Amino acid sequence: MSGLDFSIGMEDVGIAVLQELWNKVAFQTMGLVSETRDVLFEKDSFLEFSRSISELKILLSSLNAQKVENALGLESTRAALTTLNQQLKKASKIIKDYKCGSRLRLLLKSQSILLQMEDVAKDIAKTISTFQLVNLDTALNLNTMTSQIINNLGSMEFRSAAATEKIASEMEISISENKKNRENAKKLLEKIAEAVGARPNASLVQNELALLKEEKEEMEAQKKQAEALQLSQLIEFLYSTEVVTRPVDEETASTHHQLYPIGSFICQLCNKMMTDPVAIHCGHSFERDAIQEHFRRGERNCPTCRQELSSLELTPNLLLRNSIEEWNERDLDLKFQAAVPRIKSSEHSQQDKALEDLQLFLEMPRYVTKAAEEGLATKLVVILKDDRVNAGAALKCLYYLAKYNDDQKEAIVIAGGIRRIVKHICKGGNDCHALGVLMELSEKESLAEKMGNTKDCIPLVVSLLHINNPDVSQKASKVLQNLSSNVHFVVKMAEAGHFQPFVARFNDAAGETRTLMAAALVKMQLKENNIDDLREQQFIHNLIQMLSSSSPASKSACLKCIKKLVAHHKIVERLLEDAVTIPHLLGLISFNKFDLHLKQGAAEILAKLIGDSEQFEQPKYQGLQELQSKHNVRVLLEIITSAEDQTKIQFLHLLVELSSKSEIARDLIRTDNDAIVQLFSSLYSDHPEVRRWAMKLIYCISEGHPDGVPLPTSPEKEAAITNLATILINSPDTEERSGAAGIISQLPKNDSSIDEILRKSDALKAIHGVICSMDDEISGNIGSSDQGTSLLENALAALLRYTEPSKPDLQRQLGKLELYPSLVRVLTRGSSLAKRRTATALAQLSLSTSRSFSDENIIAQQAKPSMPFFLKHVSSMWCCSASSHDFSSCSVHGDACSPRDTFCLVKADAVRPLVMTLSDTESGVAEAALMALETMLIDHSTRSQSTAAIVDSQGVDAILHVLDKGSVSAKTKALDLFQKIHLHTKISVPVMQRFERVLIQLLSDDDLKKKAALALRQMGIIPEQSSYF
């Protein structure tokens, strides 16, 4: 197989491209010859031209591009071929134009077209001569042909026949002088028909009229005024023959044609109607800009008479300007008169044409008056119903009618214009023009009333406010502004999501109107973007002031409105910033004795304000400071004492929110013995919500306080604790049980009488049941819930009382239950808070037994060697499980760690779960787990075995994770545990290197650097005499 030939060079490629261009020129000659076959006029001239082009085609086919290129060079040949190709295309276009369109117009343009052809023929001859084909080494006959083609084209003359020129001249005279003599027109038509080879009948006239009208529309679309005007004159000439009847809709337009010679108003330089005509020295007039440009090019001859000008001075031709302006006015009047019958026509095409004209006329106020006289407003509104007509143009016409004539506004509305415009916009119509009409109509108060009451109008306009079109949005805003004086309309705007007019109107309104508006606002759907308008300072202040009204309806509407608004944090902030908010709400509570709904509403709002306040203690919230005064807290507590259940619930809720934010309020409630008695009495209520909120308040004032739950004095104290235990044990309501467990967890720690009451009750069994049932729940056997999670967390908090090392009786009671496996499972599946409390409970249990075991270890060392160690255990130690059959030995404590004798983290399989919880570095979980693990290392005699148990459970990696990611307190405990583990076990080199990197980073922490330095010294990284100590 032979290889590819890569020897083709750039020169060969250039020749190939040139040959392609050569072939294209040859093909263009073929098309041009074909175009010249069926021309209508002056066939002899075109036949001669066709013969020369045919010879050029033969010549090009006989030669090739390479020969010419060798003579001229590549670039010169390409340039010449390109020029020739363009010239042939130009000739082809001229001939096409000469063959098509109206024959009347061709007669008028014949001489101009023939002159263009003559110029093109000469240009083609000149281009062919640049090829220098006669100098090529070609056959003699080809050289002769080349010379003949150049001579023929260069000397070719295109001349109109005398008859054709005479007819064209008569046509020009007839149309320029506006002759309407029917007999003369018919005679001229006969001459034209003879010239074009047709009969002077209706068929000829109708065909010519159709072509002329089509060409006129094209010229008007292209803004070619002179051509369009000439075509209008030809159309008028044909109608003047009366061979065909003029359509009714064109009767008015019959006078709409040029009344003066066309050259009078059209500038010969720019071919446009003159607006600023100036005369030059020879007397001819031109458009100022056009003649100035002519002179700037260095020309000093008149473009019309070619006379050389002695001066380039320009003189304004005021007479001509006035004539043009007068003509323009008459022309516009005639066009308007022609448009009126068309707009009333039943044909859509006629209506569209009329609308296109009218929208330009009606920009001028004088035509608005004429349109009003013709009653066009009603017709334009009717047109809007028809989707087939140009509704945008109709709306633009209506806009100018409404803008310039107040009476037409009424006419538009009476005709149903508002409803039609609304429907038009709904269908996706032209919003800008439609809104323009609405904007003008809304300026009139009586019409604005009708507009606002039109179905869907206001919501539709509101929807256009934020459209991505400044003109549309500005007009929509103006319409709404015009409607804003009506209260019902601004309510509609607000319902549609536009609140600025609502807020402004509310601020200016009187009391009764504000009540109506507030009531309406309650029913509205609010979005976050609406809140920015509603949080306006004056609006909020005026709304709050309604609370001081003497009208119950006003107060009620205001409370409902505020209740709706406080669902949004921005409103809460604004309400708190207003100094009268809290006093007015407290006034409703303190001085309103009869309307419980007002009391409840005020309490509900206060609770929401307090709950959402992020800076309760800030001085800027003066009302909140006043709320936590002794007097006001006492007022709230008194209402709880005497109120019926629903009111009591609202005020308990309020006090819970207040106590959660205010330490002052908590202390005031704690020290009020009557209030405490009342709170615990509420736990006996038949209404579950009263019981729940009472427990929430008791828990709130107790949580974190060193004295725990404030209890009533005996015997109410014992009854209160017993009742809490009873609720925990027997209540079917999960939330109630959770509340009771939470309060039990906060009972005073050092009160043995409380321990005794709890020990005698079944509270521990209830706690055991919760933990075991929640064990099933978090295992996926029971549907989980937030209430269930809360109950488990609070039950674990209550359990901590039973695991206190200082309460052996309660620990013994706990030891009789098989609770520890469930506790251990909570470590892996519970919430963070549940894990923390479980780890704390395990730490306390392990601490008790570790201390006892350490003490007994000392006693065993002092005892006789023959005495078995496990017989030395004190009788108070309790079992890890109620089972009395599991005596397997522990890897840390051996036989001394029998489940029935002592609790052990290793034996309870709690070590690995505790290690796993170290990954939870939030919420104190890691600290509690580290505390539990550290209890294993209290007994020095088993420290090595305990360390091994922690290490085997991946404890080293977990401690490293805490040191890297944990809180400061967790890192502190992790550092203590690491040092103890490091003393009693060998850690691999890679792990020690990781510890070294983390510990070095901790040296930059002021709270941890000393402990980190001690650990590094223990590892041999830092010397004994380091500056860190």
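Scroll up a little and you will see the structure.
Residues numbered from 1 in each chain as written. Predicted model: local features only at pLDDT ≥ 70, side-chain atom pairs only at ≥ 80, totals over all residues. Heavy atoms only, no water.

A. Quick peek at the overall build of the chain. Regarding its fold elements, the chain presents 53 helices and three strands. Put simply, the chain has 1029 residues, and 50% of those count as buried. (Helix = DSSP H or I, 4+ residues; strand = E, 2+ residues; numbered from the N terminus. Buried < 20%, exposed > 50% of the residue type's maximum accessible area, 1.4 Å probe, protein only.)

B. The arrangement of the pattern of salt bridges in detail. Scanning the entire structure with this criterion turns up 35 salt bridges. Asp-406 serves as the salt-bridge partner of Lys-409, at 3.3 Å between the closest nitrogen and oxygen. In this pair, Lys-409 and Asp-406 are both assigned in helix H18 (residues 406–414), three residues apart and thus about one turn of the helix distant. For Lys-409, a relative accessible area of 6% translates into the label buried. Residue Asp-471 is joined to Lys-475 by a salt bridge in which the shortest nitrogen-to-oxygen separation is 3.7 Å. Of this pair, Asp-471 and Lys-475 both sit in helix H23 (residues 470–483), separated by four residues, roughly a single helical turn. (Salt bridge = Lys/Arg side-chain N within 4 Å of Asp/Glu carboxyl O.)

C. Highlighting the sheet that holds strand S2 (residues 285–287). Across the sheet, which stays open at both edges, the three strands sit in the order S2-S1-S3 with antiparallel pairing between neighbours. Every other strand in the sheet has two partners, leaving S2 and strand S3 (315–316) as the edge strands with one partner each. Sheet topology places strand S1 (residues 277–279) next to S3; two bridges connect them, and they run antiparallel. Residue Val-278 lies in a different strand from S3, and its bridge partner there is Pro-316. Contacting S1, S2 and S3, helix H12 (residues 288–296) crosses the sheet at an angle of about 95 degrees to S2. (Pairing = 2+ DSSP bridges. Contact = heavy atoms within 4.5 Å. Axes fitted to C-alpha atoms, helices over the stretch in contact; angles between N-to-C directions.)

D. Inspection of helix H8 (residues 182–196) at higher detail. Taking 1.5 Å of rise per residue, the 15 residues of H8 would be expected to cover 21 Å, and the 21 Å separating its terminal C-alpha atoms lies within 8% of that figure. Buried within H8 we find Ala-185, Leu-188, Leu-189, Ile-192, Ala-193 and Val-196. Taken end-on, H8 shows its buried residues confined to a sector of 145 degrees, consistent with a single buried face. Exposed residues pointing more than 90 degrees away from the buried face of H8 are listed as Lys-187 and Glu-194. Of the residues trailing H8, Gly-197 is marked for its positive phi of about 75 degrees. (Expected span 1.5 Å × (residues − 1). Arc of directions from axis to C-beta.)

E. Expanded view of the nonpolar core. Membership of the largest hydrophobic core comes to 171 residues, with the highest contact counts inside it found for Leu-799 and Leu-999. Leu-999 has contacts with Leu-963, Leu-975, Phe-978, Ala-1012, Ala-1015, Leu-1016 and Met-1019, leaving out every residue within four places of it along the chain. Judged by nonpolar contacts, the second largest core, of 59 residues, contains Leu-362, Ile-418, Ala-434 and Met-439. (Core = buried A, V, L, I, M, F, W, Y, C linked by side-chain atoms within 4.5 Å.)

F. Inspection of the packing of aromatic side chains at higher detail. Across all of its chains, the model carries 11 aromatic pairs by this definition. Their ring planes at 45 degrees and their centres at 5.3 Å tell us that Phe-361 and Tyr-367 sit as a pair that is tilted. Clustering of aromatic rings is evident, with ring pairs tying together Phe-499, Phe-502, Phe-506 and Phe-539. The ring of Tyr-399 has Lys-475 lying over it, and the distance from NZ or CZ to the ring centre is 5.4 Å. (Phe/Tyr/Trp six-rings, centres within 6.5 Å; stacked < 30°, edge-to-face > 60°. Lys NZ or Arg CZ within 6 Å of the ring centre and 35° of its normal.)

G. Here's a closer look at the side chain of Asp-386. Positionally, Asp-386 belongs in the loop between helix H16 (376–383) and helix H17 (391–404). For Asp-386, a relative accessible area of 19% translates into the label buried. Side-chain polar atoms of Asp-386 contact the side chain of His-348, separated by 2.7 Å. (Polar contact = N/O pair within 3.5 Å; in protein donor to acceptor, adjacent residues only side chain to side chain.)

H. Summary view of a negative patch on the surface. Residues Glu-214, Glu-217, Glu-218 and Glu-356 make up a contiguous surface patch of negative charge. Examining the composition of the negative patch, we find that three residues originate from one element, helix H9 (residues 202–221), more than from any other. Within the secondary structure, Glu-217 is located in helix H9. (Patch = residues over 30% accessible without salt bridge, like charges linked within 9 Å, V, L, I, M, F, W, Y side chains within 5 Å. Areas by Shrake-Rupley, 256 points an atom, 1.4 Å probe, with all protein chains shown as cover. Lys, Arg positive; Asp, Glu negative; His and termini not counted. Charge placed at Lys NZ, Arg CZ, Asp CG, Glu CD.)

I. View of the packing of helix H26 (residues 511–522) against helix H29 (residues 552–565). Running from amino to carboxyl end, H26 crosses H29 at an angle of 35 degrees, the nearest separation of the two axes being 8 Å. When you trace H26 past H29, the crossing you get is left-handed. Across the interface between the two elements, Thr-515, Ala-518, Ala-519, Leu-521 and Val-522 from H26 touch Ala-553, Ser-554, Ala-557, Lys-560, Cys-561, Lys-564 and Leu-565 from H29. (Left-handed = near helix turned anticlockwise from the far one by under 90°.)

J. Focus on the side chain of Ser-554. Relative to the assigned elements, Ser-554 resides in helix H29. Ignoring sequence-local partners within four residues, the contact set of Ser-554 consists of Thr-515, Met-546 and Ser-549.

K. Expanded view of the packing of helix H38 (residues 688–702) against helix H40 (residues 734–745). The N-to-C vectors of H38 and H40 enclose an angle of 25 degrees; their axes lie 9 Å apart at closest approach. Overall, the two elements H38 and H40 adopt an arrangement that is roughly parallel. H38 and H40 meet at a crossing whose hand is left-handed. Seen from H38, the contacting residues are Pro-688, Arg-691, Arg-692, Met-695, Lys-696, Ile-698 and Tyr-699; seen from H40, they are Glu-735, Glu-736, Gly-739, Ala-740, Gly-742, Ile-743 and Ser-745. When its residues are assigned to classes, the contact of H38 with H40 shows six nonpolar, three polar and five charged. (Parallel < 35°, antiparallel > 145°, perpendicular 65-115°, else oblique. Nonpolar A, V, L, I, M, F, W, Y, C, P; charged D, E, K, R; others polar.)

L. Structural view of unusual backbone geometry. For the peptide bond that leads from Ser-714 to Pro-715, omega is 5 degrees, which places it in the cis range. One non-glycine residue, Asp-456, lies in the positive phi region at around 70 degrees. Within the secondary structure, Asp-456 sits in the loop between helix H21 (445–452) and helix H22 (457–463). Despite not being glycine, Gln-954 has its phi angle at roughly 65 degrees, a positive value. For Gln-954, the location among the structural elements is in the loop between helix H49 (943–952) and helix H50 (955–965).

M. Quick peek at helix H36 (residues 663–670). Buried within H36 are the following residues: Ala-665, Ile-669 and Arg-670. Looking down the long axis of H36, one finds its buried residues gathered within 135 degrees of arc, a one-sided arrangement. Looking at the packing, one finds that the buried side of H36 touches helix H34 (630–642), helix H35 (645–661), helix H37 (673–682) and H38. Taking the backbone nitrogen of Ile-664 as reference, a side-chain oxygen 3.3 Å away marks Ser-662 as the first, capping residue of H36.

N. Just the state of the cysteines, in detail. All told, the structure shown has zero disulfides when counted by the stated rule. Left without a disulfide partner, Cys-270 is nearest to the cysteine sulfur of Cys-267, which lies 3.7 Å away. (Disulfide = S-S within 2.5 Å.)

O. Representation of the environment of Ser-323. For Ser-323, the location among the structural elements is in helix H13 (residues 318–343). Sequence spacing of Ser-323 and Phe-265 is 58 residues, and the spatial spacing of their C-alpha atoms is 8.7 Å. A polar side-chain atom of Ser-323 sits 2.9 Å from the main-chain carbonyl oxygen of Leu-319.

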